[in-house]
Amino acid sequence: MKITIQTVGVTPHEPLKERIEKKLSKLETFYDKIVEAVVYLKVENTSDKNNKTIELVVKIPGNDIVVKKTGASFEESLDESVDTAKKLLIKKKELA
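One structure accompanies this document, and this report is about it. (Residues numbered from 1 in each chain as written. Predicted model: local features only at pLDDT ≥ 70, side-chain atom pairs only at ≥ 80, totals over all residues. Heavy atoms only, no water.)

### Concerning the environment of Lys23
Our working definition: Here a helix means four or more residues in a row that DSSP labels H or I, a strand means two or more in a row labelled E, and each is numbered from the N terminus. Only protein chains enter the calculation, and the probe is 1.4 Å; a residue is then buried if its accessible area is under 20% of its type maximum, exposed if over 50%, and partly exposed in between. What makes two residues a contact is simply this: any of their non-hydrogen atoms within 4.5 Å.
For Lys23, the position within the fold is in helix 1 (residues 14–25). With relative accessibility at 26%, the residue Lys23 sits in the partly exposed group. Along the chain, Lys23 and Val82 lie 59 residues apart, while their C-alpha atoms are 7.1 Å from each other. Among all residues touching Lys23, those that are not within four sequence positions of it are Leu78, Asp79 and Val82.

### With respect to the pattern of salt bridges
Side chains that differ in sign of charge can pair as their charged atoms come close. What counts here: By definition, a salt bridge exists where a carboxyl oxygen of Asp or Glu is found within 4 Å of a side-chain nitrogen of Lys or Arg.
A complete count under the given rule lists three salt bridges for this structure. Of the charged contacts, one joins Arg19 and Asp79 as a salt bridge, the two residues approaching to 2.7 Å between their closest N and O atoms. On the criterion of sequence distance, the pair formed by Arg19 in helix 1 and Asp79 in helix 2 (residues 74–95) is long-range, its members being 60 residues apart. Put simply, Asp79 and Lys23 hold a salt bridge, and the shortest N to O gap is 3.2 Å. Linking Asp79 in helix 2 with Lys23 in helix 1, this pair joins segments that are 56 residues apart in sequence. Among the charged side chains, a network of salt bridges with common partners joins Arg19, Lys23 and Asp79.

So, in structure tokens, the structure goes:
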């Protein structure tokens, strides 16, 4: 599975990149037909503390899975979006 990280006005530090790759590679254990995962990191322009948004696009044959989560940190948003994507992949596998 290919992993692409896109950023909007943010430069991710190396531990964040490693965490993203580690978390996303685990998704393959739930669904083995994943072609690519694209992660978009963005800081929302608000005064709210929960302004770190991650949009995760998991490309699979048929329909892509898109999950968007916003939290106080990119790590928190990543964990939530990977958990949601995992549930959706499991559901998709059961329906196949």
